[in-house]
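# Fold and geometry: a report
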Amino acid sequence: MALPEVLSPVAGSGRVWLDRLRIRDFRNLEPADFALPPDGLALVGDNGEGKTNFLEAIYYLQLLRSFRGARDPELVRFGASGFHLAAGIGGARASEVAVGFDRGGPARGEGTSGRGRKRVRVDGAEPTRLSDALGSLPAVIFSPQDAVLVTGAPSERRRFLDVILAVTSRPYLAALQRYRAALANRNAALREAASAGTRASEGAVAAWEPALAETGAVLWLARQAWVGAHAVQFAALCSAIGERGESRLAYVTRLDHALGPRDVTGALLEALERKRALDIRRGLTHAGPHRDDLAIRLDGRELRSYGSAGQQRTAAIALRLLEAATLRASAGSEPLVLLDDPFAELDARRAGQILELLRAEERGQTLLVVPRASDIPADLTRLERWRVEGGALSPGTR
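Report follows, based on the coordinates. For clarity, every value in this text was computed on a predicted model and none was experimentally measured.

### With respect to the packing of helix α3 (residues 154-168) against helix α10 (residues 309-331)
Orientation of α3 relative to α10, taken along the N-to-C sense of each, is 15°, at an axis distance of 10 Å. The orientation of α3 relative to α10 falls into the category roughly parallel. With respect to the hand of their crossing, α3 and α10 are arranged in right-handed fashion. Here Phe 160, Ile 164, Val 167 and Thr 168 of α3 come into contact with α10, specifically with Leu 319, Arg 320, Glu 323, Thr 326, Leu 327 and Ser 330. Considering only residue class, the contact of α3 with α10 consists of 5 nonpolar, 3 polar and 2 charged.

### With respect to the sheet that holds strand β3 (residues 32-35)
Strand order in the open sheet formed by 5 strands is β3-β2-β5-β6-β7, and the pairing between neighbours is antiparallel. Unpaired on one side and paired on the other, β3 and β7 (117-122) mark the two borders of the sheet. The mean angle between the axes of side-by-side strands here comes to 10°, regardless of whether they run parallel or antiparallel. Bridge count between strand β5 (residues 82-90) and strand β6 (residues 96-102): 7 bridges; the pairing is antiparallel. Across the sheet, the residue bridging to His 84 is Gly 100, located in β6.

### Remarks on the pattern of salt bridges
Summed over the entire model, instances satisfying the criterion amount to 25 salt bridges. Taking the shortest distance from any N to any O, the salt bridge between Asp 293 and Arg 157 comes out at 2.8 Å. With Asp 293 in strand β10 (residues 293-298) and Arg 157 in helix α3, this pair connects stretches of sequence that are 136 residues apart. No difference in accessibility class separates Asp 293 from Arg 157, as the two residues are buried. Residues Glu 302 and Arg 297 are paired through a salt bridge, measuring 3.2 Å at the closest nitrogen-oxygen approach. Judged by relative accessible area, which is 27%, Arg 297 ranks as partly exposed.

Criteria and thresholds
- Residues numbered from 1 in each chain as written.
- Predicted model: local features only at pLDDT ≥ 70, side-chain atom pairs only at ≥ 80, totals over all residues.
- Heavy atoms only, no water.
- Axes fitted to C-alpha atoms, helices over the stretch in contact; angles between N-to-C directions.
- Helix = DSSP H or I, 4+ residues; strand = E, 2+ residues; numbered from the N terminus.
- Parallel < 35°, antiparallel > 145°, perpendicular 65-115°, else oblique.
- Left-handed = near helix turned anticlockwise from the far one by under 90°.
- Contact = heavy atoms within 4.5 Å.
- Nonpolar A, V, L, I, M, F, W, Y, C, P; charged D, E, K, R; others polar.
- Pairing = 2+ DSSP bridges.
- Salt bridge = Lys/Arg side-chain N within 4 Å of Asp/Glu carboxyl O.
- Buried < 20%, exposed > 50% of the residue type's maximum accessible area, 1.4 Å probe, protein only.

Read these as geometric descriptors, not functional statements.
And the structure:
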């Protein structure tokens, strides 16, 4: 099978790998401190024993939050006051990263999630802002839950774009943070204006619109550029996996796609002003990139509504492969590859094609979790086999 260009290695690239991992009081996992095999491992365990929790702990060091949407207090082991994760890393911009969460700490600043306090250290120093540590461990995770990228609400696909762009672009991350703050403030002003009904209260709403338009333009342009750069690659990946129809990826927005950088801010300002009266009545902001979507189509029809489960999984895996390629291009290294029972519910043909594509990612350390040893694909049996029971990890178990 001809390899899609997106999977071609970056000239002179290395790879990212986990050298050591320390886990304390995270989910049901028993305290652990161990070295990881350079090539990776295959972790075997029944459902509910802690397989996905293991991958969640690792990916937390990339995203600084749960990829499953759980709040930090929900990640703390029963009876504990907090959790701690730390890793020694090779091939990345950081060689050590550690995250601690205290459920009883003060809830303030960007280092909070629900109730409690989160602290991060990168190479032994605490960053000025928590977000400065985002992406310290370049990793991509493949999971059956990824189908929600196709079947879920538009917010799932916006989050996918935001995560990719935030961990690979500091300007995007800064704009995203400012945009969310301005959006929250404008929505609060909208609710006050609805109850007050005065011109002054409407002015308080308008005061947040320049910041929304300015930062929203950064998000809009970056998202559109990413989708435009990867649409052809997305179609090639879906075809390589075995999709026979024409797969398409498009950024869905109410703004004109032909707008230039200077025009986007003005167009957003105009849209916010035009919608202001409606927004005040409903208490929500209806214009801006927080309302956009990522359209995923097969033969012109929305996969979200009309695709089979296999077709939806195919598209989701193609998106994850594009995420890996984006991380690789940004860091100049192969990201860590986390596989959460990736072939579950897939037919043999698609699973075989996906595995062939994933072989192109094997330059990076691969961590696979499956419920049974027989679920380990033949091409990954070279990985050292570990076992998890009741949250206890047993390295080197055959």
